[in-house]
Amino acid sequence: VRHKMRAAGFLHGARRARHLCSLCHRRRFTTAVEIAGETQKMTMVAAINDALRVALRTDPAAVVFGEDVAFGGVFRASMNLVEEFGPERVLNMPINEQGLVGFGIGMAAVGGTAIAEVQFADYIFPAMDQICNEAAKFRYRSGNEFDVGGLTIRAPASAVGHGGHYHSQSPEAYFAHTPGLKVVYPRDAYTAKGLLLASIRDKNPVIFFEPKILYRASVGQVPVGDYELPLGKADILTAGKDITCVAWGAQVHVMTKACARAEADGISCEAIDLATIAPWDMHTIRTSVKKTGRLLVTHEAPLTGGFAGEIAATIQDECFDYLEAPIARVTGADTPFPLAFEKLYLPDELKVYDAIVRTANY
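(A) Summary view of the packing of aromatic side chains. Enumeration over the complete set of coordinates arrives at ten aromatic pairs. Aromatic side chains Phe175 and Phe209 sit 6.1 Å apart centroid to centroid with 45° between the ring planes, which places their arrangement in the tilted category. Highlighted residues: Phe175 in helix H8 (residues 172-176) and Phe209 in strand E7 (residues 206-211), separated in sequence by 34 residues. Comparing Phe175 with Phe209, the two get one shared label, buried. An aromatic cluster of at least three residues, connected via ring pairs, comprises Phe75, Phe120 and Tyr215. Here the guanidinium or amino end of Arg141 rests over the ring plane of Phe138, the centre of that ring lying 5.4 Å away.

(B) Representation of the layout of surface pockets in the model. Put simply, the second largest pocket is a space of about 310 Å³. Every residue lining the second largest pocket is counted, 19 residues in all, and those nearest its centre are Gln169, Ser170, Tyr174, Ala301 and Pro302. For the lining of the second largest pocket, the secondary-structure elements that each account for two or more residues are H8 and strand E13 (295-302). Considering only residue class, the lining of the second largest pocket consists of nine nonpolar, eight polar and two charged.

(C) Here's a closer look at empty space enclosed by the protein. Counted according to the given criterion, the structure contains one cavity of 30 Å³ or more. If you add up the space inside the largest cavity, you get close to 70 Å³. Ser158, Ser170, Glu172, Tyr185, Trp248, Gly249, Ala250, Gln251, His299 and Glu300 are the residues that line the largest cavity. Partitioned by chemical class, the residues of the lining of the largest cavity number three nonpolar, five polar and two charged.

(D) Up close: the packing of helix H5 (residues 97-109) against helix H6 (residues 128-135). Running from N to C, H5 and H6 cross one another at 25°; their axes reach a closest spacing of 8 Å. Between H5 and H6, the interaxial angle falls into the category roughly parallel. Residues Gln98, Val101, Gly102 and Ile105 of H5 form the contact with H6, whose participating residues are Asp129, Gln130, Ile131, Glu134 and Ala135. Per-class residue counts for the contact of H5 with H6 are four nonpolar, three polar and two charged.

(E) Here's a closer look at the pattern of salt bridges. Scanning the entire structure with this criterion turns up 18 salt bridges. When the shortest N-O distance is used, the salt bridge between Asp50 and Lys193 registers 2.5 Å. Highlighted residues: Asp50 in helix H3 (residues 44-58) and Lys193 in helix H9 (residues 189-201), separated in sequence by 143 residues. Where Arg187 meets Asp273, a salt bridge forms, and the shortest distance between an N and an O atom there is 2.8 Å.

(F) Representation of the sheet that holds strand E4 (residues 113-117) within the structure. Spatially, the seven strands line up as an open sheet ordered E3-E2-E4-E5-E7-E6-E12, and their pairing is mixed. Pairing within the sheet leaves two strands with one partner each, and these edge strands are strand E3 (90-92) and strand E12 (276-278). For this sheet, the mean angle separating the axes of adjacent strands, direction not counted, is 20°. Of the pairings in the sheet, the one linking strand E6 (residues 182-184) to E7 comprises three bridges and is parallel in character.

(G) Quick peek at the sheet that holds strand E14 (residues 328-332). The strand order E9-E11-E10-E13-E14 describes an open sheet built from five strands, whose pairing is mixed. The open sheet is flanked by strand E9 (235-238) and E14, the only strands paired with a single partner. Shown here is a sheet whose adjacent strand axes are inclined to one another by a mean of 25°, direction ignored. With five bridges connecting them, strand E10 (residues 243-247) and strand E11 (residues 269-273) associate as parallel partners. Looking across to E11, one finds that Cys245 is bridged to Ala271. Together, E9, E10, E11 and E13 form the strand contacts of helix H11 (residues 282-292), whose direction differs from that of E11 by roughly 175°. Contacting E13 and E14, helix H12 (residues 307-319) crosses the sheet at an angle of about 155° to E13.

(H) Highlighting the confidence of the model for the protein. Here the protein averages 92 in pLDDT, and 90% of its residues register 70 or above. Overall, residues 1-30 carries pLDDT values under 50, and its contacts beyond four positions in sequence, including any with other chains, amount to 65 contacts.

(I) Quick look at the nonpolar core. Ile131 and Leu274 are the most contacted members of the largest nonpolar core, which has 51 residues in total. Leaving out residues up to four positions away in the same chain, Ile131 has contacts with Val101, Ile124, Ala136, Ile153, Phe175, Leu181 and Ile207. Core analysis: the second largest hydrophobic core is formed by 44 residues, Val45, Val74, Ala77 and Tyr227 among them.

(J) H11, seen in detail. Listed in full, the buried residues belonging to H11 are Met282, Thr284, Ile285, Ser288, Val289 and Thr292. One side of H11 holds all its buried residues, which, seen down the axis, span an arc of 165°. Phi turns positive, to about 80°, at Gly293, one or two residues after H11.

(K) Geometry of the pairing of E14. The buried fraction of E14 is high, at four of five residues. Taken together, the five bridges between E13 and E14 define a ladder with parallel strand orientation. Bridging from a neighbouring strand, Pro302 pairs with Gly332 of E14. Between the parallel elements E13 and E14, the chain passes through H12 in a crossover that is right-handed.

Criteria and thresholds
- Residues numbered from 1 in each chain as written.
- Predicted model: local features only at pLDDT ≥ 70, side-chain atom pairs only at ≥ 80, totals over all residues.
- Heavy atoms only, no water.
- Phe/Tyr/Trp six-rings, centres within 6.5 Å; stacked < 30°, edge-to-face > 60°.
- Helix = DSSP H or I, 4+ residues; strand = E, 2+ residues; numbered from the N terminus.
- Buried < 20%, exposed > 50% of the residue type's maximum accessible area, 1.4 Å probe, protein only.
- Lys NZ or Arg CZ within 6 Å of the ring centre and 35° of its normal.
- 1 Å grid on protein atoms, 1.4 Å probe; cavity = no way out; pocket = protein on both sides within 12 Å on 5 of 7 lines; lining within 4 Å.
- Points joined across faces, edges and corners; volume = space filled by probe spheres on them.
- Nonpolar A, V, L, I, M, F, W, Y, C, P; charged D, E, K, R; others polar.
- Axes fitted to C-alpha atoms, helices over the stretch in contact; angles between N-to-C directions.
- Parallel < 35°, antiparallel > 145°, perpendicular 65-115°, else oblique.
- Contact = heavy atoms within 4.5 Å.
- Salt bridge = Lys/Arg side-chain N within 4 Å of Asp/Glu carboxyl O.
- Pairing = 2+ DSSP bridges.
- pLDDT = per-residue confidence, 0-100.
- Core = buried A, V, L, I, M, F, W, Y, C linked by side-chain atoms within 4.5 Å.
- Arc of directions from axis to C-beta.
- Right-handed = clockwise from strand over helix to strand, strands pointing away.

Quick look at the structure:
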């Protein structure tokens, strides 16, 4: 059925690429940061393309591979790479996620830098055994004699506007549950390039989820050279004293707009981008909650088993004597991702704002 769906048009050929790229033209978001040195205005997808180019130039053992990547990829994240680096380093793979991840594991096991692309995060599930039972456990089961730390798996994830249940999911919690993996989720063009380069060079297998709605909606100044941002470190975007608000990926922008609305009501919000899901920066969140006494976590994935639950449980344990209100979670619904009811499903600005007000006034 899946292959028939792809052949039917949504996931096949140049028409598919033009259609899906058009989905990503949304209102432009920026998360301004102070950046030293020469910069260039880039979209998130251009920043990711630039990161891949830097990785290939600086590491002769690096190879980019995945479905359609030599053609530029469905979202054009790998445009022009095959022309610069050749077909031996930019490889098209068959529609076989288990196979392409297995190829990456083998390459990384013998010292290569394997940069895999799973075309949509929704289709990463056929590779779960390779990722969770092979890549994540390779170092542990060999007593640290061998590892596949050179493996990075990129995957476009989260809602895109009308992607339906097979092109909109946020599966970060599945992989955060697996020791041995790192899980990363950038929020904009600047963090996408810096975190992707850090992921490629990290000595552990990394799942790098890219919020595809931001591919062309996130535009900002990005350093033109080589730089990395630290994995496992949250980013405090706005200091506040009444409530700590945490999100990652595209949901950061929803959260910051809700925080701005709450600020107009006199509620001071400390907005934090978690950035890395595993290992997550508990220390930054704990320090913030001890100051504010309240916590809200928001993400697109469903409520049950979502990563907000892990954060809530840990902070409740670490900060129980400091909490002034129950920890709030604003998430997607416990249903498959709906096509017709996407706006009802998603945790939008008003839902997050309402939860901020309820928690602050508890």
